[in-house]
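Next come the chains, spelled out residue by residue.
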Amino acid sequence: MLPPEGQIPNRIYHTGEEIIVYLKQISKGVGGINLDITQGGVEFVEALLKRIVPEYDEGMVKIEKIVRYNGKRTKILVSSADEKVDPVGVFVGHHGDRINTVLSLLNGEKIDIIEWTDDPVRLVQDVLKPAKTTSIEIKNGKAYVKVPEDQLSLAIGKQGQNVRLAAKLTGWNIDIVSADESKVEATA
């Protein structure tokens, strides 16, 4: 059985349908062996990528961190030790074939793949995309971000998903202010 908390929201499951799941744990129970399976965690997304992207399995590219709102949006930080290898391109694939395979298995969940950088300003700028920023200042573990007025809702995302995932991905509290001084804050 795939428990409700391990299911992708709004996905319709059919009896007898073959699905891919992540096996978290095997345990012995009163009725026999119990399999703890899920499609809901970041482990599931990572396992899919490992299966679909051979360069990841071989160690050519690396996933630095994954954050996810199950069924809504996932953000993935990726890197490569070889500067000639574009890690985002490797995960996306030729004409988007790799990422489209993952998207279909996640029932259309949005995925942002971001290249890791140790430049904190550029990292915050990249994790808030597609929103455009006008200035970013990092101090005391907090990112102060200014965006044009018409970019505020994009930076925040639907129900605050974009900014909250960005905060979790970077580990910093993110304080977003628009040109008219409207303010939003997300904690890591």
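Look a little higher up for the structure.
What counts, and where the lines are drawn
Residues numbered from 1 in each chain as written. Predicted model: local features only at pLDDT ≥ 70, side-chain atom pairs only at ≥ 80, totals over all residues. Heavy atoms only, no water. Pairing = 2+ DSSP bridges. Helix = DSSP H or I, 4+ residues; strand = E, 2+ residues; numbered from the N terminus. Buried < 20%, exposed > 50% of the residue type's maximum accessible area, 1.4 Å probe, protein only. Contact = heavy atoms within 4.5 Å. Core = buried A, V, L, I, M, F, W, Y, C linked by side-chain atoms within 4.5 Å. Phe/Tyr/Trp six-rings, centres within 6.5 Å; stacked < 30°, edge-to-face > 60°. Lys NZ or Arg CZ within 6 Å of the ring centre and 35° of its normal. Salt bridge = Lys/Arg side-chain N within 4 Å of Asp/Glu carboxyl O.

Caption draft 1: A look at the pairing of strand 1 (residues 22-29). Two elements, strand 1 and strand 2 (residues 32-38), share 7 bridges in a ladder whose sense is antiparallel. If you follow Q25 over to strand 2, its bridge partner there is D36. Hairpin geometry of strand 1 and strand 2 is characterised by an intervening segment of 2 residues between the two adjacent antiparallel strands.

Caption draft 2: Representation of the pairing of strand 4 (residues 73-80). Of all 8 residues making up strand 4, 7 are buried, and the element is well covered by its neighbours. Relative to strand 4, strand 3 (residues 61-69) runs antiparallel, the two sharing 8 bridges. Paired with K65 across the strands is L77, a residue of strand 4. Where strand 3 hands over to strand 4, the hairpin turn is made up of 3 residues, of which G71 adopts a positive phi near 85°. Alignment of strand 4 against strand 5 (residues 110-115), held across 6 bridges, turns out to be parallel. Paired with R73 across the bridge in strand 5 is K110.

Caption draft 3: Structural detail: the side chain of E55. Turning to its location among the elements, E55 is positioned in helix 2 (residues 54-57). Among all residues touching E55, those that are not within four sequence positions of it are M60, V61, V90 and R98.

Caption draft 4: How the structure looks around the nonpolar core. Judged by nonpolar contacts, the single largest core of 24 residues is most densely connected at V124, V127, L128, V145, I174 and I176. Of all the elements, helix 7 (residues 161-170) adds the most residues to this core, at 5 residues. If we skip the residues at most four places from it in the chain, L128 touches T133, V145, A155, N162, V163, A166 and I176. Counting 21 residues, the second-largest nonpolar core is a separate cluster that includes V53, I66, V78 and I113.

Caption draft 5: Highlighting the packing of aromatic side chains. Under the definition given, this model contains 1 aromatic pair. Measuring from ring centre to ring centre gives 5.9 Å for Y56 and F91, while their planes differ by 50°; the resulting arrangement is tilted. Separated by 35 residues along the polypeptide, Y56 in helix 2 and F91 in helix 3 (residues 87-92) bring together distant segments of the chain. A relative accessible area of 1% means that F91 is categorised as buried. When the ring centre of Y13 is taken as reference, the NZ or CZ atom of R11 above it lies at 4.4 Å. The ring of Y144 has K139 sitting right over it, with the charged end atom 5.7 Å from the ring centre.

Caption draft 6: Inspection of the pattern of salt bridges at higher detail. Throughout the structure, instances matching the rule amount to 8 salt bridges. A salt bridge links R98 to E55; its shortest N-O distance comes to 2.8 Å. Here E55 lies in helix 2 and R98 lies in helix 4 (residues 97-105), a separation of 43 residues in the sequence. R98 sits in the buried class, given a relative accessible area of 18%. Across the salt bridge formed by R122 and D126, the nearest N and O atoms sit 3.5 Å from each other.

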